[in-house]
Amino acid sequence: MKKVAVLVGSARKGHTHDAARRFLGHLQAFGDVEGEIVSLADYRVEACRGCKQCFEQGEDACPLKDDRNVLIEKMMACDGIVFASPSYMFQVSGIMKTFVDRLAFFGHRPRFFGKTFTNIVTQGLPFDSGIGKYLNLVGSCLGYKTVAGSRITALEPMTEKETRKVDRFLERHARRFQRSLFGPDTPAPSLMMLMGFRIGRTTMKLELDDKSYDYRYYREKGWLDSDYFYPTRLSLPKEVLGRVFDAFGRRIARKR
């Protein structure tokens, strides 16, 4: 049995909540999935102050004492996560962005490997403002396997025809998500993720020491000398490019 949570960044029960409910319904119909809808509006999450304590001293040093850790615990307990947000001024909602900002330290120290991530975006205007790509980039930076999301375009109230179309779209999305959810835990990294790891790891190795929380975390995980965040077989081109990225990281460190 896999556990999946949809974190909804909308303060009202409109299109986004409905899409989350439909998505989970299809996913659970495929079998062996336990689902939960989590409304971010029901939790107190304060805006990041940019103090960098989570980067430099660890996430427990954050001066904001709110419900961030409660939500993180839900994410840690799940095998799959969906971020669902309406489009507000061509970006995620304020509630969603505030929560994403509070997860920034995971971009330095990702730990959701082997888990699956996707997104649902609801909007009224029929064009792509890149919100889904942004959310999946966030998911990748946190360590998740990412699945292409759904962009739901419809006005309220939806017609029966629109409702049927959206439902079919979400069913296909749920099927893609299910395949990843029950698929290999540690796929080969994308070129972008490999580049980010190797350049970041190399500059960290040359510029930081035990005073840095990130450095200590990487050392304890064995990442200072590994090919990637987790054991994986790199293709020959990626092996070569990994060494190129290391060299680029060394060059960046020398210039600073």
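Scroll up for the structure.
Note that the coordinates shown come from a computational prediction; the quantities given were computed from them, not determined experimentally.

Details of the overall build of the protein chain
Okay, so step 1: The helix and strand tally for the protein chain stands at 10 helices and six strands.
Okay, so step 2: Across its three principal axes, the protein chain shows a C-alpha extent of roughly 60 × 45 × 35 Å.
Okay, so step 3: Counting over 256 residues, the protein chain shows a buried share of 44%.
Okay, so step 4: The contacts in the protein chain between residues at least 6 apart in sequence include a share of 78% that link residues at least 24 apart.
Okay, so step 5: By element, 53% of the accessible surface of the protein chain is carried by carbon and sulfur atoms, the whole surface being about 13300 Å².
Okay, so step 6: Each charge class in the protein chain was averaged separately, 43 positive and 30 negative side chains, and the resulting centres sit 5 Å apart.

Structural notes on the pattern of salt bridges
Where charged atoms of side chains with opposite charge meet at close range, the side chains can pair.
Okay, so step 1: One pass over the structure, following the stated rule, counts 18 salt bridges.
Okay, so step 2: Note that arginine 22 is salt-bridged to aspartate 18, the shortest N-O span being 2.8 Å. Of this pair, arginine 22 and aspartate 18 both sit in helix H1 (residues 15-29), four residues apart, which is roughly one turn of that helix.
Okay, so step 3: Taking the shortest distance from any N to any O, the salt bridge between aspartate 66 and arginine 102 comes out at 2.7 Å. Here aspartate 66, found in the loop between helix H2 (53-56) and helix H3 (68-77), pairs with arginine 102, found in the loop between helix H4 (94-101) and helix H5 (104-108); they are 36 residues apart in sequence, far enough to count as distant. Here aspartate 66 matches arginine 102 in class, with each residue buried.

Focus on the nonpolar core
Okay, so step 1: In this structure, Leu7, Met75, Ile81, Phe83, Phe99, Leu103 and Leu142 are the most contacted members of the largest nonpolar core, which totals 26 residues.
Okay, so step 2: For this core, the elements supplying multiple residues, two or more each, are strand E1 (2-8), H3, strand E3 (80-86), H4, H5, strand E4 (116-123) and helix H6 (131-142).
Okay, so step 3: Ranked by the residues each element gives to this core, the list is headed by H6, at four residues.
Okay, so step 4: When sequence neighbours within four positions are dropped, the list of residues in contact with leucine 103 reads Ile72, Met75, Phe83 and Leu142.
Okay, so step 5: Core analysis: the second largest hydrophobic core is formed by 20 residues, Ala20, Leu27, Ala174 and Phe177 among them.

Observations concerning the environment of phenylalanine 127
Okay, so step 1: Looking at where phenylalanine 127 falls in the secondary structure, it is placed in the loop between E4 and H6.
Okay, so step 2: Sequence separation of phenylalanine 127 and leucine 208 is 81 residues, and the distance between their C-alpha atoms is 44 Å.
Okay, so step 3: Excluding its chain neighbours within four sequence positions, the residues that come into contact with phenylalanine 127 are Phe90 and Arg151.

Remarks on helix H7 (residues 160-181)
Okay, so step 1: Compared with an ideal rise of 1.5 Å per residue, which puts 22 residues at 32 Å, H7 spans 31 Å between its outermost C-alpha atoms and is within 8% of the ideal.
Okay, so step 2: Residues of H7 that are buried: Val166, Leu170, His173, Ala174, Phe177, Gln178, Ser180 and Leu181. The buried residues of H7 all sit within an arc of 145° when viewed along its axis, so they share a single face. Turned more than 90 degrees from where H7 packs its buried face, Lys161, Lys165 and Arg179 sit exposed.

Regarding the pairing of E3
Every other side chain in a regular strand lies on the same face of the sheet, so the side chains alternate between the two faces.
Okay, so step 1: Among the seven residues that make up E3, seven are buried, leaving the element largely enclosed by the rest of the structure.
Okay, so step 2: Taking every second residue as pointing to the same face, both faces of E3 are buried, with Gly80, Val82, Ala84 and Pro86 on one and Ile81, Phe83 and Ser85 on the other.
Okay, so step 3: The pairing of E1 with E3 spans five bridges and is classified as parallel. Counted as the bridge partner of valine 6 is valine 82 from E3.
Okay, so step 4: Strand direction decides the pairing type here: E3 and E4, joined by seven bridges, are parallel. Counted as the bridge partner of glycine 80 is threonine 116 from E4.

Rules used in this analysis
- Residues numbered from 1 in each chain as written.
- Predicted model: local features only at pLDDT ≥ 70, side-chain atom pairs only at ≥ 80, totals over all residues.
- Heavy atoms only, no water.
- Helix = DSSP H or I, 4+ residues; strand = E, 2+ residues; numbered from the N terminus.
- Buried < 20%, exposed > 50% of the residue type's maximum accessible area, 1.4 Å probe, protein only.
- Contact = heavy atoms within 4.5 Å.
- Areas by Shrake-Rupley, 256 points an atom, 1.4 Å probe, with all protein chains shown as cover.
- Lys, Arg positive; Asp, Glu negative; His and termini not counted.
- Charge placed at Lys NZ, Arg CZ, Asp CG, Glu CD.
- Salt bridge = Lys/Arg side-chain N within 4 Å of Asp/Glu carboxyl O.
- Core = buried A, V, L, I, M, F, W, Y, C linked by side-chain atoms within 4.5 Å.
- Expected span 1.5 Å × (residues − 1).
- Arc of directions from axis to C-beta.
- Pairing = 2+ DSSP bridges.

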